[in-house]
Amino acid sequence: MELVRNVPPLVLIFIFYYFLSGQVMSFLALTLFSLPVLKGFRMLSRCSWHPVHVSAFVSALITLATFEGAYITEIVRAGIQSIEKGTWEAAYALGLSRWQQLRYVILPLAAQRILPPLAGQFISTIKDSAIVSVISIPELTFQGMELMSATYLIFEVWIVITALYLLLTLALSLAIGRWEIYLRRSEA
């Protein structure tokens, strides 16, 4: 987790797309075709099998999920560890199992502490998605750059891209804000 959190996501995308995807696909091909069930298929496809890369979209998805997942894991861990020891002891004293302690006592309390930084991380994920355009994923920024090269309306396109990102992140921020209010009301 420390390795993933301390490496820029752009570097992770390049490593996964250009190096690991070819290695993983080669390994999967060797493993898949060595299964006894697929021996006949191996004979049929021997002439046409060439190792392929994982698609750019799958590479971007796995890389962003790994990168953002490392941060989200730390947020959830810190939220659970922030619950006072007395709360854990009280849940244990009630005779709850470890799973029941987490489900009914600890996680509802931790959710209120986790929600604000988690919302920030989800907003960061939306903004970080722009970097996948380097491996030709047609996401919002990539499409905007394509439009700029075709129309030469650079300023106007950047304003629209900015407005769309603002719309996405603001909507998420407002939704999380309402969820926080709901959690506070249900607690009272």
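In every chain, residue numbers begin from 1 and rise along the written sequence. Under the rules for a predicted model, residues below a pLDDT of 70 receive no local features and side-chain atom pairs below 80 are neither given nor counted, while totals for whole chains, interfaces and linings still include all residues. Remark: hydrogens and water are excluded; side-chain values derive from all non-hydrogen atoms of the structure.

Caption draft 1: How the structure looks around the overall build of the protein. Numbering of helices and strands starts at the N terminus; helices are DSSP runs of H or I of at least 4 residues and strands are runs of E of at least 2. The helix and strand inventory of the protein stands at eight helices and zero strands. When the helices and strands of the protein are listed from N to C terminus, the series reads α-α-α-α-α-α-α-α. Think of it in three bands: residues with accessible area under 20% of the maximum for their type are buried, residues over 50% are exposed, and the middle band is partly exposed, with areas taken using a 1.4 Å probe on protein chains only. Taking all 188 residues of the protein together, the buried fraction comes to 29%. Nonlocal contacts in the protein, meaning residues at least 24 apart in sequence, comprise 72% of its contacts between residues at least 6 apart. About 12600 Å² of surface is accessible on the protein, with carbon and sulfur atoms providing 71% of the total. Contacts are residue-level and defined by heavy atoms, with any inter-residue pair within 4.5 Å sufficient. For the area figures, the Shrake-Rupley method with a 1.4 Å probe applies, and any residue is considered shielded solely by the protein chains shown.

Caption draft 2: Inspection of helix α7 (residues 140–151) at higher detail. One fewer than the residue count of a helix, multiplied by 1.5 Å, yields its expected span. Taking 1.5 Å as the rise per residue, α7 with twelve residues should run 16 Å; its terminal C-alpha atoms sit 16 Å apart, in good agreement. Listing the buried residues of α7 in full gives T141, G144 and M148. The buried side chains of α7 occupy one side of the element, clustering within an arc of 60° when seen end-on. On its buried face, α7 sits against α8 (154–187). Residue E139 occupies the N-cap position of α7, its side-chain oxygen lying 3.1 Å from the main-chain nitrogen of T141. Count one or two residues on from α7 and you reach Y152, which has phi positive near 60°. The arc refers to the directions leading from the helix axis to the C-beta atoms. Here a polar contact is taken to be a pair of N or O atoms separated by no more than 3.5 Å, where protein atoms must pair a possible hydrogen donor with a possible acceptor and residues adjacent in sequence count only if both atoms sit in side chains.

Caption draft 3: Summary view of the side chain of D128. Mapping D128 onto the fold places it in helix α6 (residues 98–128). Positive charges come from Lys and Arg, negative ones from Asp and Glu, while His and the chain ends are left out of the count. Any carboxyl oxygen of Asp or Glu that lies within 4 Å of a side-chain nitrogen of Lys or Arg is treated as forming a salt bridge with it. Buried within the structure, D128 lacks any salt-bridge partner; K127 is the closest side chain of opposite charge, at an N-O distance of 7.2 Å. For D128, the contacting residues outside a window of four places in its chain are L64, F67 and E68.

Caption draft 4: Spotlight on the nonpolar core. Judged by nonpolar contacts, I75, I83, W88, A91, V105, I106, A110, I114 and L118 together constitute the single largest core of nine residues. Where this core is concerned, the elements lending two or more residues are α5 (85–93) and α6. With five residues, α6 is the single largest residue contributor to this core. Ignoring any residue separated from it by four or fewer positions in sequence, one finds W88 in contact with I80, I83, R98, Q101, L102 and I106. Here, nonpolar core refers to any group of buried Ala, Val, Leu, Ile, Met, Phe, Trp, Tyr and Cys residues whose side-chain atoms link them within 4.5 Å. Within the second largest apolar cluster, eight residues are counted, among which are L64, V132, I135 and I137.

Caption draft 5: The packing of aromatic side chains, seen in detail. Any two rings among Phe, Tyr and Trp, with Trp reduced to its six-membered ring, count as a pair given centres within 6.5 Å; such a pair is stacked if its planes are under 30 degrees apart, edge-to-face if over 60, and tilted if neither. Enumeration according to the criterion identifies three aromatic pairs in this entry. Between F67 and Y71 the ring centres are 5.3 Å apart and the planes differ by 65°, which places this aromatic pair in the edge-to-face class. Linking F67 with Y71, this pair stays in helix α4 (residues 56–81), spanning four residues, or about one helical turn. Put simply, the rings of F14, Y17 and Y18 pair up and form one aromatic cluster.

Caption draft 6: Spotlight on α6. Taking 1.5 Å of rise per residue, 31 residues should cover 45 Å, yet α6 covers just 36 Å from first to last C-alpha, more than 12% shy of that figure. The sharpest bend along α6 reaches about 50° and sits at I106, with the proline P108 one to four residues further on. Regarding α6, the residues found buried are Q101, V105, I106, A110, I114, L115, L118, A119, Q121, I123 and D128. Those residues of α6 hidden inside the fold are in contact with α4, α5 and α8. What we call the bend at a residue is the angle made by axes fitted to the seven residues finishing there and the seven residues starting there.

Caption draft 7: Local environment of the pattern of salt bridges. Under the criterion given, the structure shown has five salt bridges. With a shortest N-O distance of 3.3 Å, R113 and E84 are connected by a salt bridge. Residue R113 is found in helix α6, and its partner E84 is found in the loop between α4 and α5; the two are separated by 29 residues along the sequence. The shortest N-O distance in the salt bridge between K85 and E89 comes to 3.9 Å.

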